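# Structural characterization, general
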Amino acid sequence: ELTEDMMSKLAMMNPDKPEQVVKFLRSLHEATTLDMVLEFWINALLSNPMTQVVNVLSNALTFGLAIPERGAAALADIALSVARGTPRTRFIGEIDAAFRGGVMGITEANRALLRAVATGLPAEAVSKLEVTRTAAIPGVAGEIIRTPGRALIASDEWFKALNYSSELYTVAYRQAMQEVRAGRLPESEFPARWAELILSPTDELDEAARTAMRYRVFQQQPGAFTRAVMQARTASKVGPFVVPFVRTPVNIFKYALERSPLAFFYVGARQFNMVGAGP
């Protein structure tokens, strides 16, 4: 339970620096020996350089594939809109929008990486390190031991910022183009409207970009079954050592499944809320 003094300290913290809040809340829970052993174990698993390389390559692959996938979606939408007599919802121009967004997002991606290197914390609470207690091992030894995990988080933060910018440019382009097609916006005002939506995105556009951002680094929220597995693992003291990672492998599997011939059956399962969904 938070005391009045604790609440006062939380209120005084800079809302633009969530790492301060995380560090404060973390300090309220004293690390146990089991926490320290688990932290060492997780980072030992991540210490192989190939693990870091594979993480970077997988993040780069999902980012790169997103651009041609937008073109395929636009071509499919043309056929569907003609067959159904419905307005277009996807556009070829989204390919260029995604590319522009990625380029424009590099600066913020670099900032995100540097923040993660400095703090060892992700911008959001979720990361690929599935531990309930971070920074369990104190002192310089702890900082050294956590180096692999810090590198993993920093890499993910770079790609998350890049994906967010790319997706924001894309969904803003899509909405502005839909407004033009519906006759609500003169075509001559399209560039200004696109820029406006990028600079001041609606809650819906922001959430769409964040959902895609998490999806493409395999950090989206798990489905009901995966949550149950994670809860069962956490309830057991040996569970995190036997199965240290659950959410990320499941998300990778779902990502691959959605791009396989079995995707038709997977989409059907999603309709019954049996598995989590992508963006």
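See the structure shown above.
Thresholds, definitions, all that
- Residues numbered from 1 in each chain as written.
- Predicted model: local features only at pLDDT ≥ 70, side-chain atom pairs only at ≥ 80, totals over all residues.
- Heavy atoms only, no water.
- Helix = DSSP H or I, 4+ residues; strand = E, 2+ residues; numbered from the N terminus.
- Contact = heavy atoms within 4.5 Å.
- Areas by Shrake-Rupley, 256 points an atom, 1.4 Å probe, with all protein chains shown as cover.
- Patch = residues over 30% accessible without salt bridge, like charges linked within 9 Å, V, L, I, M, F, W, Y side chains within 5 Å.
- Salt bridge = Lys/Arg side-chain N within 4 Å of Asp/Glu carboxyl O.
- Buried < 20%, exposed > 50% of the residue type's maximum accessible area, 1.4 Å probe, protein only.
- Core = buried A, V, L, I, M, F, W, Y, C linked by side-chain atoms within 4.5 Å.
- Phe/Tyr/Trp six-rings, centres within 6.5 Å; stacked < 30°, edge-to-face > 60°.
- Lys NZ or Arg CZ within 6 Å of the ring centre and 35° of its normal.
- Expected span 1.5 Å × (residues − 1).
- Bend = angle between axes of the 7 residues up to and from the residue.
- Polar contact = N/O pair within 3.5 Å; in protein donor to acceptor, adjacent residues only side chain to side chain.

## So, the overall build of the protein
Counting secondary structure elements, the protein contains 14 helices and zero strands. Going residue by residue from the N terminus, the α and β elements of the protein occur as α-α-α-α-α-α-α-α-α-α-α-α-α-α. Of all intrachain contacts in the protein linking residues separated by at least 6 positions in sequence, the fraction that spans at least 24 positions is 73%. Surface accessibility of the protein: about 15800 Å² in total, with carbon and sulfur atoms responsible for 66%.

## Quick notes on a nonpolar patch on the surface
A cluster of nonpolar side chains, M50, V53, V54 and L57, forms an exposed patch at the surface whose accessible area comes to about 370 Å². Inspection of the secondary structure assignment puts V54 in helix 4 (residues 49–84). For V54, a relative accessible area of 48% gives the class partly exposed.

## Remarks on the nonpolar core
If you look at the biggest cluster of nonpolar residues, it comprises 19 residues, and the most contacted ones within it are Y173, F190 and W194. Contributions of two or more residues to this core are made by helix 8 (147–181), helix 9 (190–199) and helix 10 (203–215). Contact partners of W194, with chain neighbours within four places excluded, come to A97, R100, Y169, A172, Y173 and A176.

## Description of the pattern of salt bridges
Following the criterion strictly, the structure yields 21 salt bridges and no others. One salt bridge in this structure joins E179 and R193, with 2.9 Å as the shortest N-O distance. Of this pair, E179 sits in helix 8 while R193 sits in helix 9, and the two are 14 residues apart along the sequence. The partner of R210 in a salt bridge is D206, and the shortest N-O contact between them spans 3.1 Å. Of this pair, R210 and D206 both sit in helix 10, four residues apart, which is roughly one turn of that helix. On the basis of relative accessibility, which here comes to 28%, the residue R210 falls in the partly exposed class. In this structure D206 comes out as partly exposed when scored by relative accessible area, which is 21%.

## Remarks on the packing of aromatic side chains
Going through the model one piece at a time under the given rule, you end up with seven aromatic pairs. Between W158 and F159, the ring centres sit 5.0 Å apart and the planes meet at 80 degrees, which makes this aromatic pair edge-to-face. Through a chain of ring-to-ring contacts, three or more aromatic side chains come together here, namely Y169, Y173, F190 and W194. One Lys or Arg, R259, reaches over the ring of Y255 and ends 3.6 Å from the middle of that ring.

## Quick notes on helix 4
Between its terminal C-alpha atoms helix 4 stretches 51 Å, which fits the 52 Å expected from 36 residues at 1.5 Å a residue. When the local axis directions of helix 4 are compared, the greatest deviation, roughly 30 degrees, occurs at I67, which is followed within four positions by the proline P68. Among the residues of helix 4, Q52, N55, N59, T62, F63, A66, I67, R70, G71, A74, D77 and S81 are the ones counted as buried. For helix 4, the N-terminal capping position is held by N48, with its side-chain oxygen 2.9 Å away from the main-chain nitrogen of M50. Among the residues trailing helix 4, G85 stands out with phi positive, at a value near 70 degrees.

## Here we look at the side chain of K160
Along the polypeptide, K160 turns up in helix 8. Since its relative accessible area comes to 3%, K160 is described here as buried. The contact partners of K160, leaving out residues within four places of it in the chain, are E124, V126, M213, V217 and Q219.

## What to know about the environment of L168
Tracing the chain through its elements places L168 in helix 8. It is 8.9 Å that separates the C-alpha atoms of L168 and A97, two residues lying 71 residues apart in sequence. Non-local contacts of L168, meaning those with residues more than four positions away in its chain, are made with I198, P201, L205 and A209.

Any link to function would need more than the numbers given here.
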